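# Analysis of the macromolecular model
Read off the chains here:
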Amino acid sequence: MRIATRKRLTARGWAVGGAREFLKLTEEEAAFVELKLALADGLKELRLKRGLSQTQLAAGLAAGPWGVGIMVGGGSWGRRGRIVGSLLAVGTTRTGLAKILTRMRAA
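Keep in mind it's a predicted model, so treat the numbers as computed, not measured.

All right, on to the overall build of the protein then. A tally of regular secondary structure across the protein gives 7 helices and 0 strands. Reading the secondary structure of the protein in the N-to-C direction produces α-α-α-α-α-α-α. Across the 107 residues that make up the protein, the buried fraction comes to 26%. Put simply, 54% of the contacts in the protein that link residues at least 6 apart link residues at least 24 apart. About 7500 Å² of surface is accessible on the protein, with carbon and sulfur atoms providing 58% of the total.

Let us look at the confidence of the model for the protein. Low-pLDDT portions of the prediction should not be read for the details of their coordinates. Per-chain confidence: the protein averages 80 in pLDDT, with 81% of residues scoring 70 or above. Here helix H5 (residues 65-72) stands out as the element of the protein with the lowest mean pLDDT, 68, in contrast to helix H1 (residues 3-11), whose mean of 90 is the highest.

Another point: the packing of helix H3 (residues 27-49) against helix H6 (residues 82-89). Axis separation between H3 and H6 bottoms out at 10 Å; the angle between their running directions is 30°. In terms of their interaxial angle, H3 and H6 are classed as roughly parallel. Both H3 and H6 take part in a crossing whose hand is left-handed. Facing Leu-39, Ala-40, Gly-42, Leu-43 and Leu-46 of H3, the residues of H6 in contact are Ile-83, Val-84, Ser-86 and Leu-87. For the contact of H3 with H6, a count of residues per class yields 7 nonpolar, 2 polar and no charged.

Calculation notes
- Residues numbered from 1 in each chain as written.
- Predicted model: local features only at pLDDT ≥ 70, side-chain atom pairs only at ≥ 80, totals over all residues.
- Heavy atoms only, no water.
- Helix = DSSP H or I, 4+ residues; strand = E, 2+ residues; numbered from the N terminus.
- Buried < 20%, exposed > 50% of the residue type's maximum accessible area, 1.4 Å probe, protein only.
- Contact = heavy atoms within 4.5 Å.
- Areas by Shrake-Rupley, 256 points an atom, 1.4 Å probe, with all protein chains shown as cover.
- pLDDT = per-residue confidence, 0-100.
- Axes fitted to C-alpha atoms, helices over the stretch in contact; angles between N-to-C directions.
- Parallel < 35°, antiparallel > 145°, perpendicular 65-115°, else oblique.
- Left-handed = near helix turned anticlockwise from the far one by under 90°.
- Nonpolar A, V, L, I, M, F, W, Y, C, P; charged D, E, K, R; others polar.

Encoded structure:
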């Protein structure tokens, strides 16, 4: 959130915070959410970079397009390792995964 927006909301009496505070997440839970979001962003970025539709990506992963949509949106779908497996299946290397994870937002 931009600083000006935060100041304006606070001045009007709104409580401003992040998902961690709002959902009362532990530090570990917040880190896990950030990890999932970083991986989801990486999968979406890779899909767009390769010019694939969600349907095309789903066909390559033997998954339904709705499942890919949920994964790239950061939602829960299947096993926790499914998104990592999907990234690897479309050609992401361990180094590529490491780069995605280093771009994680602060929890």
